[in-house]
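Structural description and commentary
Here's the letter readout for the chains.
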Amino acid sequence: MSPIEIGLASVVAIVVLVYIGVYIPIALGVVSFISIWMMRDNFDLAMNLLKIAVGDSVMEYTFATVPLFTFMGLIVSKAGLGADIYEVMNSGFRKVKGGIGMATVGANAVFAAVTGSSIASASVFSKVSVPQMLSYDYNPRFAVGVVAGSSVLGMIIPPSAMLIIYSFVAEQSVGEMFQAGIVPGLMLAAAYVAWIWTMGRFAPKYIGGRSFEDTEWMTWSEIAEKTLPITSLIVVVLGGIYTGWLTPVEAGATGSLLGLVIAVVRRKINLHGFWHALLETGHITAAILFLITAASIYSRMLGMAGVPNALGDFLETAQFSFFWIMFFYVVLMIFLGTLLDTASIILIVVPLFLPLIEPMGLSLVWFGIVTVVGAEIGLLTPPLGISCFVIKATLDDDRITLKDVFIGAFPFALVMLIVLILLIRFPSLSLAILN
Amino acid sequence: AEKISAVVIDGYPAKALWVQEFSNFFIPEVDKRLAEAGNYEMDWQESYGGSIVKPKGVLEGVKLGLGDIGIVTTIFHNSKLPSQAISAVTPFVAADSRAVAKAVDEIAKEFPTMQKEFEEQNQVYLATGVVLDTYQIFSRNEISGTADIEGGKVAGAGMNLRYLEGIKDAAGVRGGLTDFYNMVQTGLTDHAMLWPEAAKTFKIAEVAPYMLKADLGAVNSKTVTVNKDYWDGLPDEVKDVLQEVAVLYRDHVAGIAMDRAGESRDAYVAAGGTIVEMSDEDRKAWAEAMPNLAAEWAKTLDDAGEPGTEMLNAYMAKLKDGGFVPVRDWSAELTN
Amino acid sequence: MKNGTSKTVITGLSKLANGIAISANAVGTIVVLLLVLVVNYDVVARGIFNKPFLGAVEVVQFSMVLIVFLQLPDVVRVDRLTRSDGFLTVLGDRYPRTHNFIRRVINTVSAIFMTLIAIAIWPEFVEMLETRDYYGIPGVFTAPWWPIKLTIFLSAALCAIIFILKVVLKADNFELVRVPEHEEEDPS
Ligand code: NA
Ligand code: NA
């Protein structure tokens, strides 16, 4: 077998092993190890690759953003900032058909600016907004669907663990990726609201619900009390990065400390809860970075096999147009999204496609946004859709099955796909804010 | 002709000056010379931009055989390659990449130390690359001398942060080249230390319209090396060609760096920047106030049983012979 | 009888390995806190006192190694390593024995891989210890390499042991749905 054949066979082997249920970092590492060994008929070389990759990948300074933004997200959830912003949004949207749904989307968009993961968003909002929607007779499938759909915003609107991971694989600046994520994130939120409005207008049964009886509005001081903490965090974190006052790492650390202060002042956290937030931060960081380490073994193996060069040559001779390359890319991501988590999809597909995208003169920042949005559609699709799982588990309500959650989330996955197509078609949506 | 395969690695992208010239100058030149004799033919596989190693990983990549030939960025490896810091520890001597590249390369060949350091990393030294003409100070506000830097914050990276020890209450702030624009723009720092070509690339003129022409000096940062096991398996004819071309590559890259430096200074002025000449007294005062990094460097090597002092003396002598007048003669103060 | 003794020994070993993993995890957890504090210290020292902490980069890099590799064995212990378990779950319902067999094979392969990492890193550790190699900028801030290599070695070795014990004891936490771990402790 030629190195390129080995390289391509290894991609297939990895996908099969991962589907069988092998730990993803182990599948990436083992297959890459064996591939190098076969390719060069040199066991020591394979060991050397392990040696270089294992130390290297973790030592990256910007990776400190992973634990810092994870910790910040956990702390602000505990501090109740998600619930607060939801109440404020709710008081604004309650006169509208499907208003609680819209409020959920809006609150998610704001909460997304202080958390790096969709899991936090999904668990916070299934606790605060689903019960309320059910008590107002909303269609249960719509209720869980809107929470699942909008939880995705947590990883598109910065800070985002996925944008950080992409920026590592593609060697792009984390700060620029964060900036590029803002417009697409807001656009997706707007698309969700538009979808809810349209359905409320033309298919009200899909949404269900009845209007609020009480007409008392929140006072300005109440609104201020509930929005000031989260606004100040957003200003410090995103403002710090945007102006260049803080590196993303420093913004994460400052945000963590500020979030902690808010939680303590509001008496929402005790020593026990604090310790567990730290503990979970460590677990998530270790799992993500070990995955990244393994993926770096894989992408180096592909590099040594010459797969990216060969793929580039192939596509050049085959004369595939931009349209078809992006079409294959999106289909591949949706296929992998059925069973893989977002980070794994990014780490597997980006090294394959990066060498094709760069020579076409396309922006790698734009490509990152397309990748992250595309890979996150998988959060909503069966059989493995993390956001839906988290919602089902957090709700713990026998009346709502996992199937209901998936069915409810499906229209939102379609809306994501439409937004993704727009993002591909109009790169300036992602890039305008950078220039 | 017999085919010989060679995997070339660097973690920097193909568009970086020294990588580009490796593809466009080094490789064709080697091919041309081998073709003349007709005995051997190279089969190059070029892997740049992180496809096999990251910029910091080239040294280890060549050591471990992930690449046969690599362009090592030596400033990342102060610990494994201490003698490579020779031009960084001797500021205010020569603001000329060609002269520094030649002098460092000759030191590498006349003394065993640099080659030994690479040999311990299982690789063979081929040539030195110098890609910047000199560090200068770029400032937000009008600047006429070191007095304007006192008590200020200066963005910098690597060894040159230590130059600031010669300026009262100046604080170095570490950052990557890509961060400097933002750091100065926001006022996080008042100044940034970088070279004119980088200033042009990162549009520094927009945020730091005053350049203090301090001429701190050119610094060697790239070394072309070959994996030792791979080298041992090469025929002598190929070895000779690689060594000859390496010297040409050294001068070629340094020449381009100098041309670009000139263009970049013009571009800086055209973009609204003002270049302020630093007075001789001021340069002298700054140099005198700096710690003698060169003496520290020589002592560390001497203590390790290497000819640090001799290397420093020989290096300074080469540059002086080349017509450069050091603002401070770092070697004159050596104690032994 | 003999079977019983070996079982006790293995259970004891397992308790020990898990205990070490939990302790390492606690230390790694403290490093997360230190990371937050060090970076904030640098931001304040630089912004307000004009005295940036020049070792911030190296300290952050070192803490990343500690956080990841001190926590990794515990991640393995509680089975939170990233995997896609849809197929295994479906299989488990219909063919529990095949399901168990596949899981043991997976854990065995994982143990071998972690062992390879440990073997690859060990000579690096020895070399760094002998040469006293450091990273960073001399005269500005430097830190030795060997503690990093040692941490990775010990972590990989412990992960390998925990995987082996999972094979032998046929006991790993297998659940399809993982809620955020400490959800139940949420005081709100
Ligand atoms: Na976010
Ligand atoms: Na899915």
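Residues numbered from 1 in each chain as written. Chains lettered and ligands numbered in written order. Predicted model: local features only at pLDDT ≥ 70, side-chain atom pairs only at ≥ 80, totals over all residues. Heavy atoms only, no water.

In the annotation of an unreviewed UniProt entry, the entry for chain C reads TRAP transporter small permease protein, and the organism field reads Aliiruegeria haliotis. UniProt lists a comment for chain C under the heading Function (unreviewed entry), and it reads "Part of the tripartite ATP-independent periplasmic (TRAP) transport system." (UniProt positions renumbered as here; feature names shortened; annotations may be inferred.)

Take the overall build of chain B next. Counting its regular elements, chain B contains 11 helices and 11 strands. Whereas a compact globule of 336 residues would reach a radius of gyration of roughly 20 Å, chain B reaches 20 Å, a difference of no more than 12%. Seen along its three principal axes, the alpha-carbon backbone of chain B occupies a region of about 65 × 50 × 35 Å. Burial statistics for chain B: of 336 residues in total, 61% are counted as buried. Within chain B, contacts between residues at least 6 apart in sequence are counted, and of these 78% link residues at least 24 apart. Distance between charge centres in chain B, computed from 32 positive and 52 negative side chains, equals 3 Å. (Helix = DSSP H or I, 4+ residues; strand = E, 2+ residues; numbered from the N terminus. Rg over C-alpha atoms; globule rule 2.2 N^0.38 Å. Buried < 20%, exposed > 50% of the residue type's maximum accessible area, 1.4 Å probe, protein only. Contact = heavy atoms within 4.5 Å. Lys, Arg positive; Asp, Glu negative; His and termini not counted. Charge placed at Lys NZ, Arg CZ, Asp CG, Glu CD.)

Looking now at empty space enclosed by the protein. Unfilled space is identified by rolling a water-sized probe across the atoms. Residues and elements named next belong to chain B. Counted by the stated rule, this structure contains one cavity of 30 Å³ or more. There is about 30 Å³ of room inside the largest cavity. In this structure, the largest cavity is lined by S87, T90, P91, V93, A94, V100, L216, G217, A218, Y315 and L319. For the lining of the largest cavity, the per-class residue count stands at eight nonpolar, three polar and no charged. (1 Å grid on protein atoms, 1.4 Å probe; cavity = no way out; pocket = protein on both sides within 12 Å on 5 of 7 lines; lining within 4 Å. Points joined across faces, edges and corners; volume = space filled by probe spheres on them. Nonpolar A, V, L, I, M, F, W, Y, C, P; charged D, E, K, R; others polar.)

All right, on to the sheet that holds strand β9 (residues 210-213) of chain B then. Residue and element names in this part refer to chain B. Reading across from one edge, β7-β6-β8-β5-β9-β11 is the order of the six strands in this open sheet, with mixed pairing throughout. If you trace the sheet from one side to the other, it starts and ends with β7 (171-174) and β11 (274-277), each paired once. Across this sheet, the average inter-strand angle for adjacent strands is 30°, counted without regard to direction. Across four bridges, strand β5 (residues 136-139) lies against strand β8 (residues 191-194) in antiparallel orientation. Note on β8: the bridge partner recorded for I137 is M193. Strands in contact with helix α8 (residues 236-270) are β5, β9 and β11; relative to β11, the strand with the most contacts, it is inclined by about 115°. (Pairing = 2+ DSSP bridges. Axes fitted to C-alpha atoms, helices over the stretch in contact; angles between N-to-C directions.)

Think of it this way: four donors in a tetrahedron around the metal ideally sit 109.5 degrees apart, and six in an octahedron ideally sit 90 or 180 degrees apart. Residues and elements named next belong to chain A. Protein coordination at the sodium ion (ligand 1): the donors are A112 (O), T115 (O), G154 (O), I157 (O) and P159 (O), at 2.3 to 2.4 Å from the metal. Written as a sequence motif, the donor arrangement for the sodium ion (ligand 1) is A-x2-T-x38-G-x2-I-x1-P. Of the two residues, A112 sits in helix α6 (residues 99-112) while G154 sits in the loop between α8 (140-151) and α9 (161-169), which places them 42 residues apart along the sequence. In this structure A112 comes out as buried when scored by relative accessible area, which is 0%. Judged by relative accessible area, which is 0%, G154 ranks as buried. (Donors = N, O, S within 2.8 Å, 3.2 Å for Na, K, Ca; no water.)

With that settled, the discussion passes to the interface of chain A and chain B. With 17 residues of chain A in contact, the opposing surface of chain B contributes 20 residues. Counting the contacts that link chain A with chain B gives zero salt bridges. Remark: the boundary between chain A and chain B carries two residue pairs in polar contact (both at pLDDT 80 or more). Taken together, the elements giving at least two residues each to the side of chain A that touches chain B come down to α3 (43-58) and α14 (271-305) of chain A. Considering each element in turn, the side of chain A that touches chain B owes the most residues, six residues, to α3(A). Residues of the side of chain A that touches chain B, tallied by class, amount to six nonpolar, six polar and five charged. (Salt bridge = Lys/Arg side-chain N within 4 Å of Asp/Glu carboxyl O. Polar contact = N/O pair within 3.5 Å; in protein donor to acceptor, adjacent residues only side chain to side chain.)

Once that is clear, we can look at the pairing of strand β2 (residues 141-144) of chain C. All names here are of chain C. In terms of strand pairing, strand β1 (residues 134-137) meets β2 through four bridges, oriented antiparallel. Directly across from Y134, in β2, lies its bridge partner P144. Connecting β1 to the antiparallel partner β2 that follows it, the hairpin turn spans three residues, and G139 within it adopts a positive phi of roughly 85°.

As a further point, take the sheet that holds strand β3 (residues 69-73) of chain B. Residues and elements named next belong to chain B. Sheet architecture is open: five strands sit in the order β2-β1-β3-β10-β4, paired in mixed fashion. Lying at the two open borders of the sheet, with one neighbouring strand each, are β2 (40-47) and β4 (123-129). Going across the sheet, the axis of each strand differs from the next one's by a mean of 25°, ignoring polarity. Bridge count between β3 and strand β10 (residues 222-227): five bridges; the pairing is antiparallel. Paired with G70 across the strands is T225, a residue of β10. Packed onto the sheet, α8 meets β1 (2-9), β2, β3, β4 and β10 and runs at close to 25° relative to β4.

In this section: the packing of helix α10 (residues 174-202) of chain A against helix α20 (residues 402-425) of chain A. Two numbers describe a pair of packed helices, the interaxial angle and the distance between the axes. Residue and element names in this part refer to chain A. Put simply, α10 and α20 touch, their axes get as near as 10 Å, and they point 135° apart. With respect to each other, α10 and α20 are oriented oblique. Crossing of α10 against α20: the hand is right-handed. Across the interface between the two elements, P184, M187, L188, A191, Y192 and W195 from α10 touch P411, F412, V415, M416, V419, L422 and L423 from α20. Broken down by class, the residue content of the contact of α10 with α20 amounts to 13 nonpolar, no polar and no charged. (Parallel < 35°, antiparallel > 145°, perpendicular 65-115°, else oblique. Left-handed = near helix turned anticlockwise from the far one by under 90°.)

All names here are of chain C. Taking the numbering used here, the UniProt-annotated feature "transmembrane region" (unreviewed entry) corresponds to residues 20-41, 53-72, 105-125 and 145-169. Helix makes up 100% of residues 105-125 and strand makes up 0%, while its end C-alpha atoms are separated by 30 Å. Helix makes up 96% of residues 145-169 and strand 0%, and the two end C-alpha atoms of the span are 36 Å apart.

The next subject is the interface of chain A and chain C. Contact with chain A, which involves 67 residues of that partner, is made by 68 residues of chain C. Across the interface of chain A and chain C, roughly 5,800 Å² is buried in total on both sides, 75% from carbon and sulfur atoms. The largest share of the area that chain A buries against chain C comes from Y23(A), M59(A) and H283(A), three residues that together contribute 15% of it. Residue R46(C) pairs with E250(A) through a salt bridge whose shortest N-O separation is 2.9 Å. Every element with two or more residues in the side of chain A that touches chain C is listed here: α1 (3-20), α2 (24-40), α3, α4 (65-78), α7 (118-135), α13 (248-265), α14 and α19 (386-395) of chain A. If you tally residues by element for the side of chain A that touches chain C, the top one is α14(A), at 18 residues. Taken together, the residues that form the side of chain A that touches chain C break down as 45 nonpolar, 14 polar and eight charged. (Buried area = accessible area lost by both parts, 1.4 Å probe.)

Residue and element names in this part refer to chain B. Considering all chains together, one arrives at 34 salt bridges over all chains under this definition. Notably, a salt bridge pairs D251 with R250, separated by 2.9 Å at the nearest N-O pair. Given the relative accessible area of 33%, D251 is considered partly exposed. Each of the salt bridges in this network shares a partner with another, and the network as a whole consists of E29, K32, R33 and E244.

Let us look at the confidence of the model for chain B. Residues at a pLDDT of 70 or more form 99% of chain B, whose mean pLDDT is 90. Here helix α5 (residues 177-185) of chain B stands out as the least confident element of chain B, with mean pLDDT 80; helix α7 (residues 228-232) of chain B is the most confident, with 96. (pLDDT = per-residue confidence, 0-100.)

Within this structure, the stated rule accounts for 37 aromatic pairs over all chains. Between Y12(B) and W18(B) the ring centres are 5.1 Å apart and the planes differ by 80°, which places this aromatic pair in the edge-to-face class. Given the relative accessible area of 12%, W18(B) is considered buried. Site record: aromatic cluster; members linked through ring pairs are Y138(A), F142(A), Y192(A), W195(A), Y206(A) and F412(A). The lysine or arginine in question, K149(C), covers the ring of W145(C), its NZ or CZ lying 5.0 Å from the ring centre. (Phe/Tyr/Trp six-rings, centres within 6.5 Å; stacked < 30°, edge-to-face > 60°. Lys NZ or Arg CZ within 6 Å of the ring centre and 35° of its normal.)

Before going further, it helps to spend a moment on the side chain of S83(B). Residue and element names in this part refer to chain B. By the element assignment, S83 lies in the loop between β3 and α3 (97-110). Assessed through its relative accessible area of 0%, S83 is described here as buried. A distance of 2.7 Å separates the side chain of S83 from the side chain of E117, its partner in a polar contact. Every residue in contact with S83, bar those within four places of it in the chain, is listed here: T113, M114, E117, W297, L301 and M311.

On to the packing of helix α5 (residues 81-93) of chain A against α6(A). Residue and element names in this part refer to chain A. At a closest axis distance of 8 Å, the pairing of α5 and α6 adopts a crossing angle of 140°. When the interaxial angle is binned, α5 and α6 end up oblique. Relative to α6, the crossing made by α5 is right-handed. Residues L81, G82, I85, Y86, M89, N90 and F93 of α5 lie in contact with α6, whose contacting residues are G99, I100, M102, A103, T104, G106, A107, V110 and F111. Its residues assigned to classes, the contact of α5 with α6 comprises 11 nonpolar, five polar and no charged.

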